[in-house]
Amino acid sequence: MSIRMRSAALVLPLALLVAGSRPAPADEVSEAREKAVLATLAPPNPEASVLQGLVTIEEQFPDSQTAAARILPLLKDPRAKVRRKAVRVLGILQPRLEPRELADVTKLLSSSDAAEVVDSLKGLRGLYATASIPSILPLLGHPDEHVKREACRTLAIVADRSVVPSLEPLLKDPVGDVRTDAEGAIAQLKRKP
Amino acid sequence: MSRLRPAALSALLLALAGCGSSNIAYTPSVAPAASTRRVALKVVDNRLPKEGGREPALVGLQRSAVGIKAGIKESSPESVANLVRSAAEDGLGQAGIGIDAGARTTLTAQVLGFWMDWSGYDFLSGVAYKGTITVEYTLQDASGRTIWKGLVMTEEHAKTASKEVIFGKALKRLAARTTRLLKGPDFPALP
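This structure is a prediction, so every number in the text was calculated from the model and none was measured.

## A word on the overall build of chain B
Piece 1. From N to C terminus, chain B includes 3 helices and 7 strands.
Piece 2. Burial analysis of chain B (191 residues in total) assigns 36% to the buried set.
Piece 3. When contacts within chain B are restricted to residue pairs at least 6 apart in sequence, those whose partners lie at least 24 apart make up 69%.

## Some words on the overall build of chain A
Piece 1. Scanning chain A from N- to C-terminus turns up 11 helices and 0 strands.
Piece 2. When the helices and strands of chain A are listed from N to C terminus, the series reads α-α-α-α-α-α-α-α-α-α-α.
Piece 3. Here chain A holds 193 residues, and 34% of them are scored as buried.
Piece 4. Put simply, of all contacts in chain A between residues at least 6 apart along the chain, 65% involve residues at least 24 apart.

## Re the environment of R177 of chain B
Residues and elements named next belong to chain B.
Piece 1. Within the secondary structure, R177 is located in helix 3 (residues 163–182).
Piece 2. The spacing of R177 and S35 is 142 residues in sequence and 18 Å in space, taken between C-alpha atoms.
Piece 3. Contact partners of R177, with chain neighbours within four places excluded, come to V152 and T154.

## Let's talk about the interface of chain B and chain A
Piece 1. Across the boundary between the two partners, chain B contributes 17 residues, which contact 16 residues of chain A.
Piece 2. Only strand 5 (106–122), strand 6 (126–140) and strand 7 (146–158) of chain B provide two or more residues apiece to the side of chain B that touches chain A.
Piece 3. Per-element accounting of the side of chain B that touches chain A gives the leading share, 5 residues, to strand 7 of chain B.
Piece 4. Split into classes, the residues belonging to the side of chain B that touches chain A amount to 6 nonpolar, 9 polar and 2 charged.

## Regarding the pairing of strand 7 of chain B
Residues and elements named next belong to chain B.
Piece 1. In this sheet, strand 7 lies alongside strand 6 in antiparallel orientation, the contact comprising 12 bridges. When the sheet's bridge partners are listed, V135 is paired in strand 7 with V152.
Piece 2. Taking the residues that link successive antiparallel strands as the turn, the strand 6-strand 7 hairpin has 5 residues, and the phi of G144 there is positive, at about 90 degrees.

## So, the packing of helix 2 (residues 79–94) of chain B against helix 3 of chain B
All names here are of chain B.
Piece 1. Where helix 2 meets helix 3, the closest approach of the two axes is 8 Å, and the angle between their N-to-C directions is 40 degrees. It follows from the interaxial angle that helix 2 and helix 3 lie oblique. In the crossing of helix 2 with helix 3, the sense of the turn from one axis to the other is right-handed. Only L171, L174, A175, A176, T178, T179 and L182 of helix 3 make contact with helix 2, whose side of the interface consists of L83, A87, A88, D90, G91, L92 and Q94.

## Digging into the confidence of the model for chain A
Piece 1. On average, residues of chain A score 88 in pLDDT, and 87% of them reach the 70 mark or higher.
Piece 2. Segment residues 1–20 of chain A: pLDDT under 50, and 1 contact once partners within four positions in sequence are set aside and those in other chains are kept.

## So, the nonpolar core
Piece 1. Formed by 84 residues in total, the largest nonpolar core has its most connected members in L155 and L167 of chain A together with V84, A109 and V135 of chain B.
Piece 2. The contact partners of V135 of chain B, leaving out residues within four places of it in the chain, are V84, A109, Q110, V111, L112, V152 and L174 of chain B.

## Side note on the environment of N46 of chain B
Piece 1. Secondary-structure assignment places N46 of chain B in the loop between strand 1 (37–45) and strand 2 (58–63).
Piece 2. In this structure N46 of chain B comes out as buried when scored by C-beta crowding, with 25 C-beta atoms within 10 Å.
Piece 3. With 65 residues separating them along the chain, N46 of chain B and V111 of chain B place their C-alpha atoms 5.3 Å apart.
Piece 4. Aside from chain neighbours lying at most four places away, what touches N46 of chain B is Q188 and R191 of chain A together with Q110, V111 and L112 of chain B.

## Here we look at the confidence of the model for chain B
Piece 1. Residues of chain B with pLDDT of at least 70 account for 86%, and the chain-wide mean is 86.
Piece 2. Predicted as a complex, the structure gets a pTM of 0.85 and an ipTM equal to 0.83.

## Side note on unusual backbone geometry
All names here are of chain A.
Piece 1. The backbone of Q94 sits at a positive phi, close to 50 degrees, despite the residue not being glycine.
Piece 2. Along the chain, Q94 falls in the loop between helix 5 (80–93) and helix 6 (99–107).
Piece 3. Phi angles above zero are rare outside glycine, and Y128 is one such case at about 50 degrees.
Piece 4. Of note, Y128 is situated in the loop between helix 7 (114–127) and helix 8 (133–136).

## Focus on the packing of helix 9 (residues 145–158) of chain A against helix 11 (residues 176–191) of chain A
All names here are of chain A.
Piece 1. Interhelical geometry of helix 9 versus helix 11 gives an angle of 10 degrees and a closest axis separation of 8 Å. One element, helix 9, and the other, helix 11, form an angle in the roughly parallel class. Between helix 9 and helix 11, the residues in contact are E145, K148, R149, C152, R153, L155 and A156 and D177, V178, D181, A182, G184, A185, Q188 and L189, respectively.
Piece 2. Among the residues forming the contact of helix 9 with helix 11, the class breakdown is 7 nonpolar, 2 polar and 6 charged.

Calculation notes
- Residues numbered from 1 in each chain as written.
- Chains lettered and ligands numbered in written order.
- Predicted model: local features only at pLDDT ≥ 70, side-chain atom pairs only at ≥ 80, totals over all residues.
- Helix = DSSP H or I, 4+ residues; strand = E, 2+ residues; numbered from the N terminus.
- Buried ≥ 20, exposed ≤ 12 C-beta atoms within 10 Å, placed from the backbone.
- Contact = placed C-beta atoms within 7 Å.
- Nonpolar A, V, L, I, M, F, W, Y, C, P; charged D, E, K, R; others polar.
- Pairing = 2+ DSSP bridges.
- Axes fitted to C-alpha atoms, helices over the stretch in contact; angles between N-to-C directions.
- Parallel < 35°, antiparallel > 145°, perpendicular 65-115°, else oblique.
- Left-handed = near helix turned anticlockwise from the far one by under 90°.
- pLDDT = per-residue confidence, 0-100.
- Core = buried A, V, L, I, M, F, W, Y, C linked by C-beta atoms within 7 Å.

This is the structure in structure tokens:
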């Protein structure tokens, strides 16, 4: 038996098998993939696996109707990196949150880790959480410049022009980027209806 | 001379790629849902000064291999507002809401963000970009009183710096999320 014939004998049954089997519809495949990704979020999965799962939801399933319910418990995860990514992805999914669920997000604003506060502010933008405005305003006086900048940007999205007087002192901030973000936020807020 | 030709061609291709001669396009859904309700639609370009507010044709930043930034631009300063209008109209149509300049209620779409930038580098897949569109909707009655507000934010990730690819997808999602928002339980009944 020549090499060509032997190859054909191997490949042909395989090809027939593939051709004969009914391919799953694209929706079913996507649903199964989404389910598999959501399964990686369940405790006690390792941090790297949970973070990768959250990135996959962010990039491939931003319209998922089931992911938010699986992500909300991660806001109370003992690992800071998991909480930070979870709040960012929630902002992208834009679910409709109950007041107690929103309180879990707002609670992260009191973290001693500036990076966690920054990510929570970014998440709150997508959540359009106007109820969180009173918790955001004190952050305009935060010692970390990145927190101040994100607070400006988040207020520009979720608030209205009534917060402009709270932003104005930042126009004299010693950090140029803070002044720029405060200016930008004030300009946006003043143009809102 | 023959050695110079490929170099000249590469330089020309790079220059053309940097020019951003093409524009982002939005193709609306085939058929809108039957509409019985009507609003007047107003689109306001209210982006941050440094992210297109000062220079309306600017929609993002592209970075070279050594990190040098270059602006990504549309050919017209009205492009962003027009694209968002098309996507918003599509989203409204799919929610069964028609556009009528004489309607008693006005829906204002404030474009708060329309920006793409480098989002990281992966050794295997190369550079990655992220494009974000943020639109705040405000519904006002004939007296100018605000009766409802909502926000749509879309983020699109891609392994390309193509504004057409990134914003093309982001605009589709903007339309779909607008429909979802306007069909939601918080959106008021229209006269």
